[in-house]
Amino acid sequence: MIENSVKNILEKVKSAHTLDRSEVVALLNFGGEELIRAADETRRQYVGDGIYIRALVEFSNYCTRTCFYCGLRAENNKIHRYRMNPDEIISTAKMVSEKGFRTIVLQSGEDCGFKIDELCRIVEEIKKNDIAVTLSIGEKSFDEYKMLKSAGADRFLLRIETTNKELYQKYHPKMSFKNRLRCLDDLRTLGYEVGTGSLIGLEGQTVGMIADDILFFKKINVDMIGIGVFIPHPDTPLGVTAAGDFELARRAVAVTRLLLPDINIPATTAMETLKPNGRGLVLEAGANVVMLNAAENEEYKKEYSIYPDKAGINDSLDLSLTKLKKTLVPIDRNILISKGFRADNKAV
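Model, not experiment: these values are computed from the prediction. (Residues numbered from 1 in each chain as written. Predicted model: local features only at pLDDT ≥ 70, side-chain atom pairs only at ≥ 80, totals over all residues. Heavy atoms only, no water.)

(A) Broad picture of the overall build of the chain. When helices and strands are counted, the chain shows 15 helices and eight strands. In terms of overall size, the chain behaves like a compact globule, its C-alpha atoms giving a radius of gyration of 19 Å where 348 residues would be expected to give roughly 20 Å. With 348 residues in all, the chain has 59% of them scored as buried. When the accessible surface of the chain is summed, it comes to about 14400 Å², and 50% of that surface belongs to carbon and sulfur atoms. Measuring between centres, the 49 positive side-chain charges of the chain sit 1 Å from its 49 negative side-chain charges. (Helix = DSSP H or I, 4+ residues; strand = E, 2+ residues; numbered from the N terminus. Rg over C-alpha atoms; globule rule 2.2 N^0.38 Å. Buried < 20%, exposed > 50% of the residue type's maximum accessible area, 1.4 Å probe, protein only. Areas by Shrake-Rupley, 256 points an atom, 1.4 Å probe, with all protein chains shown as cover. Lys, Arg positive; Asp, Glu negative; His and termini not counted. Charge placed at Lys NZ, Arg CZ, Asp CG, Glu CD.)

Shown next, in the form of C-alpha cells:
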C-alpha cells in the first residue's frame with residue numbers, strides 16, 4: 001500500500017513539480033530508490049549532467065553569534081580565531097580564477113571585524129578576474145546588502161536551517177526568526193541569486209518540519225538550496241547529541257530537486273564527512289554543485305571548524321579536484337567550467 005502511494009506521488013511530482021505537505025512527508029519517510037531515481041531523472045532533464053564547481057574561501061572564523069550547533073560560536077573559547085586580510089582574499093581569488101574556477105564563495109562567521117566598505121572593495125577587486133562572487137557572511141541591513149550588490153556580488157547564501165520558528169529560536173539564541181526572513185526577502189528584492197537551506201538532524205526536528213522547509217523554499221522560489229546534515233561538535237551545547245540521518249537528508253535533497261527542478265543544489269561537505277562517498281550519493285539524488293576549499297593556509301582550514309573531522313580537510317585544491325573527478329566517473333557526470341547561474345540551467 002505504501003509502495004503504491006509513493007509511486008503515485010512520484011508520478012505526480014515528476015509531471016507537475018508540486019506536492020502537498022502530506023505527500024512531501026510520505027516521500028521523506030518512505031521514498032526509496034524510486035525517489036532517488038526520479039530526482040536524478042529530473043536533474044538530468046532540467047540541469048543536465050554537468051557539475052558546477054565553486055571555490056570556497058573561508059576567510060574568517062570570528063563570529064558574534066552563539067548558535068548551539070556551530071563550532072564557530074562566539075562562546076567557544078577553545079578555537080583559535082583567524083581573519084584573512086583583504087589582500088590574502090583577493091590573491092586567493094586570483095589564484096582560483098587562474099585554475100579555471102568561475103565562481104568564488106566568500107564565507108565567514110558573522111564577523112564585525114570587516115567593515116562594509118572593506119568588503120565592497122574586496123568584491124570589486126575580485127570581480128576584475130571575471131568570476132562570479134557568492135557571499136555567505138550572515139545577516140546585514142538592506143543598505144549593506146545593496147552596497148555589496150552594487151560592488152558586484154552576484155549571489156548570497158543565507159541558510160535558515162529550519163523554518164520552524166520555535167526550533168529556530170531554541171538553537172539561535174538572541175537571533176530573530178523574523179529578521180532572518182527579512183534578510184532573505186531583501187536579498188531577493190535587490191536581485192541577488194539567493195541560496196538558503198536546512199540542517200537535518202537537529203534534536204526536536206520532525207519530518208513534518210523538514211517538509212515545511214522544502215515547501216517554504218518552493219514558495220519563495222529560491223535559486224540554490226543546501227541540505228546539510230547535523231554533525232555534533234564537542235565544544236557546543238549539542239556536542240553530545242546524535243548526528244543527523246544521512247539517508248533522510250539525501251531524501252530531502254531528492255524531494256527538493258523534484259519540487260524545484262531547475263535550481264542549483266550542492267552536495268555538501270557534511271554529507272561526505274558523515275558517510276564514505278556521501279558526495280557521490282547525493283549527486284545521484286539530484287545535486288549538481290560541489291564547493292571545494294581553496295584555502296592555501298592549512299591552519300585556516302582546520303580552524304574553520306563548524307563541525308569536527310571535516311572531509312578533505314588536509315587536501316589541496318588540486319587534490320580535491322582530482323578526487324572529485326574520480327567520484328564523477330562511475331555516475332557519468334562531468335565538471336562544467338561556468339559561472340553556473342540558475343538561468344544557465346534553463347538553457348541545458
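That shown, we press on.
(B) Region of interest: the packing of aromatic side chains. Enumeration according to the criterion identifies seven aromatic pairs in this entry. On the basis of an interplanar angle of 85° and a centroid distance of 5.9 Å, the ring pair of Phe-156 and Tyr-192 is categorised as edge-to-face. Of the two residues, Phe-156 is situated in strand β4 (residues 155–157) and Tyr-192 in the loop between α8 (177–189) and β5 (193–200); the sequence distance between them amounts to 36 residues. Relative accessible area serves as the criterion here: at 3%, Tyr-192 is assigned to the buried category. (Phe/Tyr/Trp six-rings, centres within 6.5 Å; stacked < 30°, edge-to-face > 60°.)

Note that every value here comes from positions in space, so none of it alone points to a role or purpose.
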